[in-house]
Amino acid sequence: MAEKKKKWNNQTKLMFRLLELAQFEKKWIFLAVSLTIIQSLLTATQPYLYKVVIDQVILVGKFHLLLFWCGILLVWLIVQAGLGFVNAYLSERIAQTIIFKLRQFVYDHLIRLKVSFFDKTPVGTAVTRSISDIQTITDLFSSGIITILGDMIQIIAILYCMFYISVKLTFLTLLGIPILLYSANKFRKGIRDTFQDVRNQVANLNAFLQERITGMQIVQLFNQEKREYNKFKEINQKHQDANIKSIFYYSIFFPIVEVLIALAFAIIVTYGGTAIFDQTLKLGELTAFIMFINLFFRPVIS
């Protein structure tokens, strides 16, 4: 319990330190967040437009309004695409600027460290921490924090629209959510630990290669090629095992998600088809529900 609390505190401190580094980009972050919110709301409510077109235009024979609604849908999609482009550019721009500042900060810290640190720490490890690890951390801004915020808003808007259309059908299609949440929690914990292991193995691999390549003359002088090859093979094997372990978690989690999506579609089609026959549900509402479920599970899949 104490170890989990320590990990959580470290992650929280790291997040706040990154946010401090992002202060100089706060106007762009605010703009990116605002555009993400708008884009998420547009994406979440799009199926409702199709419901309106099917139920209130096509099925009632108001074909003179069809061209008008097609124009609205086209403009809707163009605006979504435009917002997506601008938001992706801003997110990457913010991330790259943070990478620049963070690497400058780390290098400034490195050159002020005592010589004893460099005697104890392999050069490859220091290089990995300064380049690869910083890249991974700052990816939070390009595909992490802002994206998660947009996904949460989108899910809330989708649930609102689904409950507005049919409370019973919404509850039926969300029966598998507890299983999804449990699986996601297990996946998050497992992939976090394996991710840390992969990073450590990459650092070990880089450190070994850097030391051996710079000291290759000594290795060959004492005829130690075979011995060094076996050492590298062992380190490389650990790196492979760490990656395979992470792949294992992905190979379990995503099939579970696919099964839950298939189950939700089966419930929608079965109940929805019966409800249409009983005239308690309209075709447009059923179509919108199918699109809503696809959008609801998209953040999990991607």
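1. A short note on the overall build of the protein chain
- Summing up its helical and strand segments, the protein chain has twelve helices and zero strands in all.
- Going from N to C terminus, the protein chain has its helices and strands arranged as α-α-α-α-α-α-α-α-α-α-α-α.
- Across the 302 residues of the protein chain, 34% fall into the buried class.
- In the protein chain, 85% of the contacts between residues at least 6 apart in sequence involve partners at least 24 apart.

2. Quick look at a nonpolar patch on the surface
- On the surface, Ile-58, Leu-59, Val-60, Phe-63 and Leu-283 cluster together into a nonpolar patch covering about 460 Å² of accessible area.
- Looking at the secondary structure, you find Leu-59 in the loop between α2 (26-58) and α3 (66-110).

3. Section: the packing of helix α9 (residues 177-214) against helix α11 (residues 225-277)
- Running from N to C, α9 and α11 point in directions that differ by 160 degrees, and their axes come no closer than 9 Å. By the angle class used here, α9 and α11 are roughly antiparallel. Helix-helix and strand crossings are classified by hand; for α9 and α11 the assignment is left-handed.
- Residues that form the contact of α9 with α11 fall into these classes: 19 nonpolar, nine polar and six charged.

4. Quick notes on the nonpolar core
- Counting 28 residues, the largest nonpolar core has Ile-158, Leu-180, Phe-292 and Phe-297 as the members making the most contacts within it.
- For this core, the secondary structure elements donating two or more residues are α7 (145-165), α9, α11 and α12 (283-301).
- The element contributing the most residues to this core is α12, with eight residues.
- The residues touching Phe-292, leaving out its near neighbours within four places in the chain, are Ala-44, Pro-47, Tyr-48, Ile-158, Cys-161, Met-162 and Ile-165.
- Leu-42, Leu-83, Ile-94 and Ile-98 belong to the second-largest nonpolar core, a separate cluster that totals nine residues.

5. Some details on the packing of aromatic side chains
- On inspection of all chains with the given rule, the structure shows eleven aromatic pairs.
- Judged by centre distance (5.9 Å) and plane angle (75 degrees), the ring pair of Phe-248 and Tyr-249 falls under edge-to-face.

6. Brief notes about the pattern of salt bridges
- The tally for this structure, following the rule as stated, stands at six salt bridges.
- In this structure, Glu-211 and Arg-212 form a salt bridge, with 3.0 Å as the shortest nitrogen-oxygen distance.
- Each member of the salt-bridge network shares a partner with another, and the members are Glu-211, Arg-212, Arg-227, Glu-228 and Lys-231.

7. Re the confidence of the model for the protein chain
- With 88% of its residues at a pLDDT of at least 70, the protein chain reaches an overall mean of 83.
- Considering each helix and strand of the protein chain separately, the mean pLDDT is smallest for helix α1 (residues 2-21), with a value of 61, and largest for α2, with 89.

8. Topic: empty space enclosed by the protein
- For the structure shown, the criterion picks out one cavity of 30 Å³ or more.
- Taken as a whole, the largest cavity holds about 40 Å³ of empty space.
- Taken together, Thr-173, Leu-175, Gly-176, Ile-177, Leu-260, Leu-263, Ala-264, Ile-267 and Phe-297 form the lining of the largest cavity.
- For the lining of the largest cavity, the element with the highest residue contribution is α11, accounting for four residues.
- Grouping the constituent residues of the lining of the largest cavity by class yields seven nonpolar, two polar and no charged.

9. What about the packing of α2 against α3?
- Between α2 and α3, the least distance of the axes is 9 Å, while the angle of their chain directions is 160 degrees. Relative to α3, the element α2 is oriented roughly antiparallel. α3 is crossed by α2, and the crossing has left-handed handedness.

10. Comments concerning the side chain of Thr-194
- Along the polypeptide, Thr-194 turns up in helix α9.
- A residue is classified by how much of its surface remains accessible, and Thr-194, at 3% relative accessible area, is buried.

11. Concerning the environment of Val-202
- Following the sequence through the fold, Val-202 ends up in helix α9.
- Judged by relative accessible area, Val-202 falls into the partly exposed class, the value being 24%.
- Between the alpha carbons of Val-202 and Gln-240 there is a distance of 9.9 Å; along the sequence they are 38 residues apart.
- Here Val-202 is in contact with Thr-128 and His-239, once residues within four sequence places are set aside.

12. Some remarks on unusual backbone geometry
- For Asn-223, which is not a glycine, the phi torsion comes out positive at approximately 55 degrees.
- Residue classification places Asn-223 among the exposed positions, given a relative accessible area of 61%.
- Even without being glycine, Gln-279 reaches a positive phi, approximately 65 degrees.
- Along the chain, Gln-279 turns up in the loop between α11 and α12.
- Looking at Gln-279, the relative accessible area reads 72%, which means it is exposed.

The rules behind the values
- Residues numbered from 1 in each chain as written.
- Predicted model: local features only at pLDDT ≥ 70, side-chain atom pairs only at ≥ 80, totals over all residues.
- Heavy atoms only, no water.
- Helix = DSSP H or I, 4+ residues; strand = E, 2+ residues; numbered from the N terminus.
- Buried < 20%, exposed > 50% of the residue type's maximum accessible area, 1.4 Å probe, protein only.
- Contact = heavy atoms within 4.5 Å.
- Patch = residues over 30% accessible without salt bridge, like charges linked within 9 Å, V, L, I, M, F, W, Y side chains within 5 Å.
- Areas by Shrake-Rupley, 256 points an atom, 1.4 Å probe, with all protein chains shown as cover.
- Salt bridge = Lys/Arg side-chain N within 4 Å of Asp/Glu carboxyl O.
- Axes fitted to C-alpha atoms, helices over the stretch in contact; angles between N-to-C directions.
- Parallel < 35°, antiparallel > 145°, perpendicular 65-115°, else oblique.
- Left-handed = near helix turned anticlockwise from the far one by under 90°.
- Nonpolar A, V, L, I, M, F, W, Y, C, P; charged D, E, K, R; others polar.
- Core = buried A, V, L, I, M, F, W, Y, C linked by side-chain atoms within 4.5 Å.
- Phe/Tyr/Trp six-rings, centres within 6.5 Å; stacked < 30°, edge-to-face > 60°.
- pLDDT = per-residue confidence, 0-100.
- 1 Å grid on protein atoms, 1.4 Å probe; cavity = no way out; pocket = protein on both sides within 12 Å on 5 of 7 lines; lining within 4 Å.
- Points joined across faces, edges and corners; volume = space filled by probe spheres on them.

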